[in-house]
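Topology and contacts: notes
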Amino acid sequence: MPTIFEFANPKRFMTLSARLLPWVSGVAVLAIAAGLWLGFTAPPDYQQGDTVRIMFVHVPAAWVAMMAYGLMAVASLFGLVWHHPLADVAAKSAAPLGALFTALALITGSLWGKPMWGTYWAWDARLTSFLILLFLYLGYIALWNAIEDEVRAARATAILALVGVVNLPIIEFSVDWWTTLHQGESIIRKGGPLIAPVFLWPLFAMAIGYTALFFALWMLRMRTEIIQRRTRTLLLREAAS
Amino acid sequence: MSAFLAQGGYAAFIWPAYGASVVGILCAVWLVVSQYRAARTRLALLEKPKP
């Protein structure tokens, strides 16, 4: 039976990702298109009015931002413990995408906050911990760029990613642990979601779309990184001969 | 149409939120695809048999 390491072979990854990419990209386009259609045809919410539509881009961006960090941390752990080169590639490739979705969640969240809370920003636990997530991503990217040696850079950034993972439960449970301006869990909770199905469907479609989009871009970035590493190896070999 | 654009009086918040999302995602797609193409071209040039 093949092990996870055999599947994580860069050559096998290139073959597998070439096959998966069109399908994952297709799912992303279709799900986002469906989400936009359902989102803009949904009635206004009885409390939020039309601003409920901001939720359809805000919540999926926040979910993907956290998922990306989780994946980056798992890949970092594999890289750190088993020194697997594809794990380093995976972690490095996920960071800029995670930073993008974090920034989008913060921007769209503040645009929702102004009409609903009366302010674009509040130093509440959920918002602050999410801002820390953005800084963790930016710090991770900066650290990768600051260290020239790839092996050392991978090790240092893996440690940073693993230390930063403590922020994920803080983000998730901040609304339960502290009194926050941000509303509590209303979708994934005991007793089922508090949101009406008419809003749940567009949210669900957009969540699938954003997740598929992240995976498509992640695979493409990993492919780019593998090609760039092969190019560097060839250039070094050429220079040596 | 104007009612759709007005978004119940919240157009100033809803359209910028969607605008930022579209611009952010399209920029990311463009950047990732162009970097991939550039990397592939560079490697192909290096792997080309030299006379």
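Let me sum up the structure you'll find in this document. This structure is a prediction, so every number in the text was calculated from the model and none was measured.

A word on the overall build of chain B. Along the backbone of chain B there are 2 helices and 0 strands. What you see for chain B is a C-alpha radius of gyration of 21 Å, clearly larger than the 10 Å of a compact globule of 51 residues, by over 25%. Projecting the C-alpha coordinates of chain B onto the three principal axes gives extents of approximately 70 × 15 × 5 Å. Residues counted as buried form 16% of the 51 residues belonging to chain B.

With that out of the way, let us pick up helix 6 (residues 150-164) of chain A. Residues and elements named next belong to chain A. Its 15 residues place the ends of helix 6 21 Å apart at the C-alpha level, agreeing with the 21 Å of an ideal helix rising 1.5 Å per residue. All of the buried residues in helix 6 are A154, T157, A158, A161 and G164. Projected down its long axis, helix 6 carries its buried residues within an arc of 130°, all on one side. Projecting away from the buried face of helix 6 at angles above 90 degrees are the exposed residues V151, R152 and V163.

For the rest of this paragraph, the subject is the interface of chain B and chain A. Taken together, the contacts link 23 residues of chain B with 27 residues of chain A. Each residue belonging to the side of chain B that touches chain A can be placed in one class, and the counts come to 16 nonpolar, 5 polar and 2 charged.

All right, on to the nonpolar core then. Counting residues in each nonpolar core, the largest one holds 71 residues, and the members touching the most others are A61, A65, A68, M72, A94, F101 and F214 of chain A. Listing elements by their share of this core, those giving two or more residues are helix 2 (10-41), helix 3 (52-82), helix 4 (85-117), helix 5 (125-146), helix 6 and helix 8 (197-240) of chain A together with helix 2 (11-47) of chain B. Considering each element in turn, this core owes the most residues, 18 residues, to helix 3 of chain A.

This brings us to the packing of helix 3 of chain A against helix 6 of chain A. Residues and elements named next belong to chain A. The N-to-C vectors of helix 3 and helix 6 enclose an angle of 135°; their axes lie 9 Å apart at closest approach. What the angle tells us is that helix 3 and helix 6 run oblique. Note on packing geometry: the crossing formed by helix 3 with helix 6 is left-handed. Of the residues in helix 6, those touching helix 3 at M72, A73, S76, L77, G79 and L80 are A154, R155, A158, A161 and L162. A breakdown of the residues in the contact of helix 3 with helix 6 according to their chemical character gives 8 nonpolar, 2 polar and 1 charged.

What counts, and where the lines are drawn
- Numbers given for residues are sequential positions, taken from 1 along each chain in its written order.
- Whichever chain is written first becomes A and whichever ligand is written first becomes 1, with later ones labelled in order.
- Two thresholds apply to this predicted model, a pLDDT of at least 70 for residue-level local features and 80 or more for giving and counting side-chain atom pairs, whereas whole-chain, interface and lining totals are computed over all residues.
- Labels follow the DSSP assignment, with helices taken as runs of H or I lasting at least four residues and strands as runs of E lasting at least two, numbered in each case from the N terminus.
- When we talk radius of gyration, it's over C-alpha atoms, and the globule rule is simply 2.2 Å times the number of residues to the 0.38.
- As a rule, residues whose C-beta atom has 12 or fewer other C-beta atoms within 10 Å are exposed, those with 20 or more are buried, and those in between are partly exposed; C-beta atoms are placed from the backbone.
- To estimate the expected span of a helix, count its residues, drop one, and scale the result by 1.5 Å.
- To be clear, the arc concerns the directions from the helix axis to the C-beta atoms.
- Contact between two residues is assigned whenever their backbone-derived C-beta positions fall within 7 Å.
- When residues are grouped by polarity, Ala, Val, Leu, Ile, Met, Phe, Trp, Tyr, Cys and Pro land in nonpolar, Asp, Glu, Lys and Arg in charged, and all others, Gly among them, in polar.
- We define the nonpolar core as any set of buried residues of the types Ala, Val, Leu, Ile, Met, Phe, Trp, Tyr and Cys, connected via C-beta atoms lying within 7 Å of each other.
- Axis definition: a line fitted to C-alpha atoms, limited for helices to the stretch in contact. Angles are taken between N-to-C directions and run from 0 to 180 degrees.
- Here is the rule for angles: anything less than 35 degrees is roughly parallel, anything more than 145 is roughly antiparallel, 65 through 115 is roughly perpendicular, and the remaining ranges are oblique.
- Crossings are assigned a handedness: left-handed for a near helix turned anticlockwise from the far helix by less than a right angle, right-handed for a clockwise turn.

That is the geometry; function is a separate question.
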